[in-house]
Amino acid sequence: MESALSPVRAAQHRARSNYRTRQIVNRVMLALCGLAALIAVIPLVWILGYVVQRGVGALSLDFFTQLPTPVGVPGGGILNAIVGSAIVVGIACAISIPVSLTAAFYVYARPNTLLGTLIRFSTDVLSGVPSIIMGIFAYTVFVLTQGHFSALSGGFALAIIMTPIVLRTTEEMLKLVPKTLRDGSLALGAADWRTALNVLLPAAMSGVITGIMLGIARVAGEAAPMLFTAFGNPFFSTALDQPIATLPHQIYVYAISPYRDWQDKAWATALVLIALVMGLEIIARGVASWQERKLRGR
Amino acid sequence: MMSHEQVQVLPPALSMRSVQKDAAPSPKMLVRNMNFYYGSFRALADINLEFPENQITAIIGPSGCGKSTLLRTLDRMNDLVPHARVEGEILLDGENIYAPNMDVVSVRRRVGMVFQRPNPFPKSIYDNVIYGPRLLGIRDKKVLDEIVEKSLRGSALWDEVKDKLHESGLALSGGQQQRLCIARMIAVEPEVVLMDEPCSALDPVATIKIEDLMRDLRNNYTIIIVTHNMQQAARVSDYTAMMMMRPDRAGEMIEFNKTRQIFTNPQDKRTEDYVTGRFG
């Protein structure tokens, strides 16, 4: 009778008796995964906590509304750097977003053409190039030819850094849109560009916004290219063709100074930068998920 | 408020049909010596077929015999497939849709398509329906409102959605979504309607609704449907084309006739085996 048992059935019987062992192994593995996740989060929480602890003391309303004071003069703020960062990142977005979105559509629609392959390859290379190189490049193209540092050259450098990120995320998000949606639109007699604009982009929107946010978060914290381009400015300026203060550059200036008072301000500025980027991220995510819910009908 | 307009869109051939009762209606689409290739692989071989005007033609056959490929050549959806190539002619009202000077976009506006899985756009019901008319440049809100009502009535969906036109099309059930896709297609008033297994993702109740709808649409449109379901072909179609895969894996058309003939008195042994369920 026993001999009638097939090897598979026999294995099933054995497995049934190993139930407890399996259960324990399962729990241990799950615990290990949880531990790894915890380890991955620790640096983030640590950095955040540390920046808050060091920076929160120097924060005040004045810090957001005043201009920097010379060494030794108490008070003062980073209004110029907040506005400057907004301007430079804004320029970067204005250049980068239209270019990367349209290029992403091209790569999506014609992935195997020479140009499509070229774009994908060069964005991969570009995203690996250190940001300081972009700074030097923008310096050569803009600053040297114009003879002075400017907000515009800073925005240009950041746009080059941002483009590969936004382009590749957008392309990946477009690939996730079901092909049947594209077919549905084309079958109604929509031209390619109409389909892209009216169906693909809305369907991929939340992912595209995530890509843009990733790009902004990345470039908003870039200090190295700013040294060669926006240069920094102790005064309030909104002129695009003049040097301009930015948050990461301000952190750099404060942090390398030998003055205690400035070092505290470096921490506070870092805190402001992190908070602004996170705030922007939360708002964008909120808008994206609200829109998504509306489209999906809850 | 809409019946008048619907009468106007009736093609002239309808009246002709009642005169010559037994003769086959004039073909709306004609496939002549058509070969279809994916790269060097021949997927369809020597297809000759006619689709009579204002009739429902079913394309049946075992899996992989090229039914969907054939259907997609009829509105040039295969243009999207890299290395796809068509030889021969496909005539729509006597004009070759693969002629070099033929505009793909206008072909697709005259030949609409309903897909296997419902694919409403992630937009409101209203915006789904007016998507095509908007592409045609219709901007007048009143006209668009009328198109929405007419199309949704035409796809037997109006009563179920008239109070929630501005809710997402994706919130509807599968059968409703498919009828929304039909409404979206008839909103551009095509002449030919292609349906690629339109009920395969639907439950029996929704399937019956779509089939009823097809019988209604038949008055205004030439309908071509691909189906795996032989009962469905027998129930709804006037004509049936039977396809098979040849040993070299190319799809071929082995029999075309009135549906009643195909199911009761098939000429080809393979058709008989297939429709009686002996294989496939």
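A quick note: this is a predicted structure, and the numbers were derived from the prediction, not measured. (Residues numbered from 1 in each chain as written. Chains lettered and ligands numbered in written order. Predicted model: local features only at pLDDT ≥ 70, side-chain atom pairs only at ≥ 80, totals over all residues. Heavy atoms only, no water.)

1. Side note on the interface of chain B and chain A
Condition: The contact criterion used throughout is that any non-hydrogen atoms of two residues lie within 4.5 Å. Here the quantity called buried area is the accessible surface, traced with a 1.4 Å probe, that two parts lose on coming together, added over both. Whenever a carboxyl oxygen of Asp or Glu lies within 4 Å of a side-chain nitrogen of Lys or Arg, that contact is scored as a salt bridge. Two N or O atoms form a polar contact when they lie within 3.5 Å of each other; inside protein one atom must be a possible hydrogen donor and the other a possible acceptor, and for residues adjacent in sequence the pair counts only when both atoms belong to side chains.
Tallying the contact residues gives 26 residues for chain B and 22 residues for chain A. With both sides pooled, the region where chain B packs onto chain A buries about 2,000 Å², and carbon together with sulfur makes up 63% of that total. When the buried area of chain B at its contact with chain A is split by residue, P122, Y131 and L135 of chain B rank highest and sum to 28% of it. Counting across the chain B and chain A interface gives 1 salt bridge. Put simply, D183 of chain A and R72 of chain B hold a salt bridge, and the shortest N to O gap is 3.3 Å. Joining chain B to chain A, the criterion identifies 5 residue pairs in polar contact (both at pLDDT 80 or more).

2. Regarding the nonpolar core
Rules: Residues enter a nonpolar core if they are buried and are Ala, Val, Leu, Ile, Met, Phe, Trp, Tyr or Cys, with the set joined through side-chain atoms within 4.5 Å. Accessible area is worked out with a 1.4 Å probe on protein chains only. A residue is then buried under 20% of its type maximum, exposed over 50%, and partly exposed in between. Comment: elements are numbered from the N terminus, with helices defined as DSSP H or I runs of at least four residues and strands as E runs of at least two.
Ranked by internal contacts, the top residues of the largest apolar core, which has 62 residues, are I78, L158, M162, I212 and I216 of chain A together with Y131 of chain B. Elements supplying a minimum of two residues to this core: α4 (79-109), α7 (151-176), α9 (192-220), α11 (247-256) and α12 (260-296) of chain A together with α5 (125-135) of chain B. The element best represented in this core is α9 of chain A, accounting for 13 residues. Beyond its immediate stretch of four places on either side in the chain, I212 of chain A contacts I97, M162 and V166 of chain A.

3. What about the domain arrangement of chain A?
Residues and elements named next belong to chain A. Which entries qualify depends on this criterion: Each domain's limits were defined by an automated method or a database of domain assignments.
Domain annotation of chain A identifies domain 1 (2-58) and domain 2 (61-296). Put simply, the middle of domain 1 and the middle of domain 2, counted by C-alpha atoms, are 37 Å apart. Contact with domain 1, which involves 8 residues of that partner, is made by 9 residues of domain 2. Between domain 1 and domain 2, a total of about 770 Å² is buried, with carbon and sulfur atoms accounting for 80% of that surface. The largest share of the area that domain 1 buries against domain 2 comes from V51, R54 and A58, three residues that together contribute 61% of it. There are 0 salt bridges connecting domain 1 and domain 2.

4. Observations regarding the environment of S168 of chain B
Residue and element names in this part refer to chain B. Looking at where S168 falls in the secondary structure, it is placed in the loop between α7 (158-161) and α8 (174-186). Taking relative accessible area as the criterion, S168 reaches 5% and is therefore assigned buried. Residues S168 and Y126 lie 42 residues apart in sequence; the distance between their C-alpha atoms is 8.7 Å. Within the structure, S168 has its side chain in polar contact with the backbone nitrogen of L170 (distance 3.1 Å).

5. Here's the deal with the confidence of the model for chain B
Residue and element names in this part refer to chain B. Defined as follows: Confidence scores per residue from the predictor, reported as pLDDT, run from 0 to 100.
Residues with a pLDDT of 70 or more make up 91% of chain B, whose mean pLDDT is 88. Contacts from residues 1-22, a stretch scored under 50 in pLDDT, to residues over four places away or in other chains number 26 contacts. Interface predicted TM-score (ipTM) for the complex: 0.82; the corresponding pTM is 0.79.

6. Observations regarding the environment of P70 of chain A
Locating P70 of chain A in the fold gives a position in the loop between α3 (61-65) and α4. It is 9.5 Å that separates the C-alpha atoms of P70 of chain A and W262 of chain A, two residues lying 192 residues apart in sequence.

7. Overview of the layout of surface pockets
To keep things clear, this is the line we draw: Think of a 1 Å grid over the protein atoms and nothing else: a 1.4 Å probe that fits but is trapped marks a cavity, an open set flanked by protein within 12 Å on at least five of seven lines marks a pocket, and residues with an atom within 4 Å of a point count as lining. Grid points are joined across faces, edges and corners, and a volume is the space filled by probe spheres set on the points. Amino acids are sorted into nonpolar (Ala, Val, Leu, Ile, Met, Phe, Trp, Tyr, Cys and Pro), charged (Asp, Glu, Lys and Arg) and polar (every other residue, Gly among them).
Approximately 860 Å³ is the volume found for the largest pocket. If you trace the largest pocket, you find 29 residues lining it, with Y108, A109, R110, R182 and D192 of chain A closest to the centre. Where the lining of the largest pocket is concerned, the elements lending two or more residues are α4, α7, α8 (179-187) and α9 of chain A together with α4 (104-110) of chain B. Per element, the largest residue contribution to the lining of the largest pocket is 6 residues, and it comes from α9 of chain A. Considering only residue class, the lining of the largest pocket consists of 17 nonpolar, 4 polar and 8 charged.

8. Overview of the packing of aromatic side chains
Let me state the cut-off plainly: Pairing of aromatic side chains here covers Phe, Tyr and the six-membered ring of Trp, requires ring centres within 6.5 Å, and sorts the geometry by plane angle: under 30 degrees stacked, over 60 edge-to-face, intermediate tilted. A ring is considered to have a charge above it if a Lys NZ or an Arg CZ atom is located within 6 Å of its centre and within 35 degrees of its normal.
All chains considered together, the criterion is met by 12 aromatic pairs over all chains. Ring centres 4.9 Å apart and planes at 50° place the aromatic pair F142 of chain A and F156 of chain A in the tilted group. In this pair, F142 of chain A is assigned in helix α6 (residues 131-146) and F156 of chain A in helix α7, connecting sequence segments 14 residues apart. For the ring pair F121 of chain B and Y131 of chain B, a centre distance of 4.6 Å and an interplane angle of 50° mean the geometry is tilted. Of this pair, F121 of chain B sits in the loop between β6 (111-114) and α5 while Y131 of chain B is found in helix α5, placing the two residues 10 residues apart along the sequence. Judged by its relative accessible area of 0%, F121 of chain B falls in the buried class. Overall, the relative accessible area of 6% leaves Y131 of chain B in the buried class. Three or more aromatic residues link up through ring pairs in this structure, and these residues are Y139, F149, F228 and F231 of chain A. R85 of chain B extends its terminal NZ or CZ atom over the ring of Y37 of chain B, reaching a point 4.4 Å from the ring centre. Here R184 of chain B stacks its cationic end above the ring of F121 of chain B, 4.1 Å away from the centre of that ring.

9. Section: the pattern of salt bridges
Residue and element names in this part refer to chain A. The full count for this structure, using the stated rule, is 32 salt bridges over all chains. Ionic pairing is found between E171 and K175, a salt bridge with its closest N-O pair at 3.6 Å. On the criterion of helical spacing, the pair formed by E171 and K175 is a turn pair, its members being 4 residues apart in helix α7. On the accessibility criterion, E171 (1% relative accessible area) is buried.

10. Quick word on the side chain of Q177 of chain B
With respect to the helices and strands, Q177 of chain B occurs in helix α8. Dropping the residues within four chain positions of it, Q177 of chain B is found in contact with P118, P120, G169, L170 and L172 of chain B.

11. Considering the pairing of strand β9 (residues 239-245) of chain B
Regular strands place side chains that alternate from one sheet face to the opposite one. Residue and element names in this part refer to chain B. Heads up, the rule is: Strand pairing is defined by DSSP finding a minimum of two bridges between the two strands.
Burial of β9 is extensive: 6 of the 7 residues sit out of reach of the surface. Bridge count for strand β3 (residues 56-60) against β9 is 4 bridges, and the pairing is parallel. When the sheet's bridge partners are listed, I59 is paired in β9 with A241. Note that β9 and strand β10 (residues 251-258) share 7 bridges and pair antiparallel. From the neighbouring strand, M245 faces β10, where its bridge partner is G251. A loop of 5 residues connects β9 with β10, the two strands running antiparallel in sequence, and R249 in this loop sits at a positive phi of about 70°.

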